[in-house]
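Remarks on the overall topology
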Amino acid sequence: MTTRECAQVVIVGGGPAGSALAFALARSGVSVTVLDRAHFPRSKPCAEYLSPQASRVLASMGVLETVERSGAAQLAGMVIRAPNGVRVVGEFAGCSVKGFRDRGLSVRREILDAILLDAARDAGADVREATHVVDVMRDASGRVRGVRTVDGQVLAAAFVVGADGLRSVVARRLALARTARWPRRYALVTHYRDVAEIGECGEMHVERGGYVGIADVGGGLTTVALVVASRPAKSFAAGRERFLDAWLAARPQLAARFANATRVSPVVATGPFASRARRAWVPGAALVGDAADFFDPFTGEGIYAALRGGEMLAPFLIESLGTASARQENAALVEFVLPVRAPRSAR
Ligand SMILES: Cc1cc2nc3c(=O)[nH]c(=O)nc-3n(C[C@H](O)[C@H](O)[C@H](O)COP(=O)(O)OP(=O)(O)OC[C@H]3O[C@@H](n4cnc5c(N)ncnc54)[C@H](O)[C@@H]3O)c2cc1C
């Protein structure tokens, strides 16, 4: 086993949360290393909508134009269709509370996440792809001191952040992970070409037994993300494609629109969701993004929450790095968790 001093901060996971945090830390002169097990560009099961406020964080990272030029679709709002056929249309421009913009974006995660990670790299973060973290290292006092990778390297750091998404290895190794019994949902996600009647709004079709999100993601592609409860998800084993085809075919209003559509990416399964960390930090480590709290896909807010979480954690982490004692460091992180992030996480 080799031990290497790596950086002041090691971030496990280079998704939206890890990239936003790495960007903010590197910009402030903190030495930061991002470790991600994937090679980018990589896909991520997601309905791929970004709420208008997410564009504010993209702009502050200097990548909003790059994302738009990458072919992202502009979203005027969301249409929600109830099981009885009633449709509710919510347009961002009509909101009484004005956000950063009056439109959202939708873009393939393969594109978005690579742009975000490049922004962190350009800001000065040391980004190491294909680096799979399997454990968290602690000293005799229990304080986190680094991480161990699958090939046995120990990377030491003053602070470790778990930005490694749902089923975070950092949260699990620190015994912070907590899986809720409800809602135990699973999802199937894929892309199609030539879906009929795709408009300017993202769509959410709520049905008995699940819901499906549909959105233009630019380049003539449509993302389809079907979310179902655990009981129907048992049938995924018989074939994800078959399950999705049958689900769409059984809903006449959707079946007609998919009649001439071609699936252009594999159907990826993910779940169960419903996980929330018991708390978001311990001495020497913190959690951010899905690693800390998973947002149900129905909200369409997970990417924004991850970006915003990374952005919010940075100043508290910088303050804690500058403190002389463990007590002062803890005080800085309690400030992050209590009033800013989520009061319930501190319980
Ligand atoms: C079906 C579905 C639909 C969704 N739809 C939407 C939507 O439309 N809009 C929206 O805003 N949100 C949506 N979400 C939620 C959104 O995808 C997440 O909230 C968001 O990706 C969280 O970002 P993150 O950076 O915390 O984690 P992630 O994006 O999951 O990134 C985590 C990173 O950590 C890396 N990693 C994991 N484990 C390790 C390890 N052991 N070692 C090293 N690296 C590791 C992974 O490779 C990955 O790059 C959806 C989620 C699902 C499941």
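Everything that follows concerns the structure shown earlier in this document.
In this report, we go over the structure that sits alongside the text. (Residues numbered from 1 in each chain as written. Predicted model: local features only at pLDDT ≥ 70, side-chain atom pairs only at ≥ 80, totals over all residues. Heavy atoms only, no water.)

Description of the sheet that holds strand β3 (residues 49-50)
If you trace the three strands from one edge of the open sheet to the other, you get β3-β7-β4, paired in antiparallel fashion. Two strands in the sheet have a free side with no partner beyond their single neighbour: β3 and β4 (73-75). Sheet topology note: the β3/strand β7 (residues 104-106) ladder contains two bridges and is antiparallel. In the sheet register, Y49 faces β7, and the bridge partner there is S106. (Pairing = 2+ DSSP bridges. Helix = DSSP H or I, 4+ residues; strand = E, 2+ residues; numbered from the N terminus.)

Some points on the packing of helix α2 (residues 52-60) against helix α9 (residues 302-321)
The description of two helices packed together rests on the angle between their axes and the distance between the axes. Their axes nearest at 9 Å, the elements α2 and α9 cross at an angle of 45 degrees. As the angle between them shows, α2 and α9 are arranged oblique. With respect to the hand of their crossing, α2 and α9 are arranged in left-handed fashion. Every residue of α9 that contacts α2 at Q53, A54, R56, V57, L58 and S60 is listed here: Y304, L307, R308 and E311. Class assignment for the residues of the contact of α2 with α9 results in five nonpolar, two polar and three charged. (Axes fitted to C-alpha atoms, helices over the stretch in contact; angles between N-to-C directions. Parallel < 35°, antiparallel > 145°, perpendicular 65-115°, else oblique. Left-handed = near helix turned anticlockwise from the far one by under 90°. Contact = heavy atoms within 4.5 Å. Nonpolar A, V, L, I, M, F, W, Y, C, P; charged D, E, K, R; others polar.)

Topic: the nonpolar core
Counting 50 residues, the largest nonpolar core has I11 and L58 as the members making the most contacts within it. Secondary-structure elements contributing two or more residues to this core are β1 (2-12), α1 (16-27), β2 (32-35), α2, α3 (64-69), α4 (109-123), β11 (153-162) and α9. (Core = buried A, V, L, I, M, F, W, Y, C linked by side-chain atoms within 4.5 Å. Buried < 20%, exposed > 50% of the residue type's maximum accessible area, 1.4 Å probe, protein only.)

Structural notes on unusual backbone geometry
Residue F40 is joined to P41 through a cis peptide bond whose omega torsion reads 0 degrees. Structurally, P41 can be placed in the loop between β2 and β3. In this structure, the amide linkage connecting G271 to the following residue, P272, adopts the cis form with an omega of -5 degrees. Of note, P272 is situated in the loop between β17 (268-270) and β18 (281-282).

Comments concerning the pattern of salt bridges
Taken as a whole and assessed by the stated rule, the structure comprises 18 salt bridges. Ionic pairing is found between R81 and E207, a salt bridge with its closest N-O pair at 3.5 Å. Linking R81 in strand β5 (residues 77-81) with E207 in strand β13 (residues 201-207), this pair joins segments that are 126 residues apart in sequence. Since its relative accessible area comes to 14%, R81 is described here as buried. (Salt bridge = Lys/Arg side-chain N within 4 Å of Asp/Glu carboxyl O.)

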